[in-house]
Amino acid sequence: MTTMTRVYNFSAGPAVLPLPVLEEAQRDLVALPGVGMSVMEISHRSKTFEDILAKAIDNMREVASIPANYRILMLQGGASLQFSAVPMNLLTPGGVADYIDTGSWAVKAIEEANKVGKVNVAASTKADKYTRIPAQGELKLTPDAAYVHMTTNNTIEGTEWKAPPDVGSVPLVADASSDIFHGPIDVARFGLIYAGAQKNLGPSGVTLVIVREDLLARSTAALPTILNYKVMADNNSLYNTPNTFGIYILGLTMKWVKAQGGLAGIGTLNERKASKVYAEIDRSGFYRGTAQKDSRSVMNVTFRLATEELENLFVKESTAAGLDGLKGHRAVGGMRASLYNAFPEAGVDALVDFMKEFERKKG
Ligand SMILES: *Cc1c(COP(=O)(O)O)cnc(C)c1O
């Protein structure tokens, strides 16, 4: 059906989508079965679209065991708009929000929160160039903070929390843009989880927010309506026109995740994929992993070579070999292999083979 050749896409985002998702979307693009119109051409208030939205949410709730007292919202503006929306909704007047600074995206979240209210940086690994996740004992938490904000996976630096920190009864807010549903998740540990869709869920333009119902009481009528979580929850994400096509693709992706054995199945596969690349990095010393071992990300594997010349050559030759998007973020340099849920294991094997061959030629 898909006649053109697909390369192995290591892009950090927007990123690879499951082939069956793309094929189903392609098949039904011109006319949804029984509807005779494209999903992009129908009202967001039609029964057809309401069913698409409901099914996406139901599948997500089932796959991630999201408790009934959490609302699932499909918003817009990306994770970057949530950097503002979170404090605007949850940082109560006179309150303090604790932020854990683990990398470039955390810094951006802190910058936006600072414009809204009082922020306490409870820990930072900046002095270690963000190569690690802080230990529980390093967190200087405010006892009655409005919330604690964390970044579950640091997309640029290649580090990831292995378990959420203990923050007592203070709501934990997570930017999970780059590792949402990469394996089993205990949603009840969080007050709010947000994620731009374009890494692990679907195309860009949809922002997932999973919020505990009691926190909606903090959203006051003074907020811009479009940023008000309570309004969005009361209107089931249909206060205004959502990204209907993006939600449709996200729904197909959730269906695909379910068919892969859910988050347990996906999690096992992701661990195996990442460990193959890390094993190759650790094998000879030709490659150097940039994250400390106990903080290594399962989603974004970052590594360097001895010189920038070698790195440029690695990027050039790997791209020519059909391994696309391995160049690291411009802020940190080096290489980054993003191995999101939809990235196939065969692509990991191809990367490891390429790494071995590159070392044989240049080592
Ligand atoms: C990609 C990313 C963002 C930015 O997402 P946008 O949807 O482009 O705003 C924020 N946080 C993390 C952790 C990311 O990986």
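Residues numbered from 1 in each chain as written. Predicted model: local features only at pLDDT ≥ 70, side-chain atom pairs only at ≥ 80, totals over all residues. Heavy atoms only, no water.

(A) Region of the structure containing the sheet that holds strand 11 (residues 288-289). Read from one edge to the other, the open sheet built from 3 strands follows the order 11-12-14, with strand pairing classed as antiparallel. With one partner strand each, in any of the chains shown, strand 11 and strand 14 (335-338) form the two edges of the open sheet. In the sheet, strand 11 pairs with strand 12 (residues 300-304) via 2 bridges, with the strands oriented antiparallel. Bridge assignment links R288 to a residue of strand 12, and that residue is R304. Set on the sheet, helix 7 (residues 262-284) makes contact with strand 11 and strand 12; between it and strand 12 the angle comes to about 15 degrees. (Pairing = 2+ DSSP bridges. Helix = DSSP H or I, 4+ residues; strand = E, 2+ residues; numbered from the N terminus. Contact = heavy atoms within 4.5 Å. Axes fitted to C-alpha atoms, helices over the stretch in contact; angles between N-to-C directions.)

(B) Here's a closer look at the domain arrangement of the protein chain. Entries for the protein chain in the domain assignment read domain 1 (22-259) and domain 2 (261-362). Summarising the inter-unit geometry, the C-alpha centres of domain 1 and domain 2 are found 27 Å apart. Contact between domain 1 and domain 2 buries roughly 2000 Å² in total, counting both sides, with carbon and sulfur atoms accounting for 55%. There are 0 salt bridges connecting domain 1 and domain 2. Listed by contribution, the elements that provide at least two residues to the side of domain 1 that touches domain 2 are strand 7 (159-160) and helix 6 (244-259). Broken down by element, the residue count for the side of domain 1 that touches domain 2 peaks at 4 residues, all from helix 6. Of the residues belonging to the side of domain 1 that touches domain 2, the class tally is 11 nonpolar, 9 polar and 7 charged. (Domains from an automatic or database assignment. Buried area = accessible area lost by both parts, 1.4 Å probe. Salt bridge = Lys/Arg side-chain N within 4 Å of Asp/Glu carboxyl O. Nonpolar A, V, L, I, M, F, W, Y, C, P; charged D, E, K, R; others polar.)

(C) A look at the pattern of salt bridges. For the structure on display, the rule yields 21 salt bridges. Of the charged contacts in the structure, one is a salt bridge between D282 and R296, with a shortest N-O distance of 2.9 Å. Placement of the pair is D282 in helix 7 and R296 in the loop between strand 11 and strand 12, with a sequence separation of 14 residues. Linked by salt bridges that have partners in common, R272, K276, E345 and D349 make up one network.

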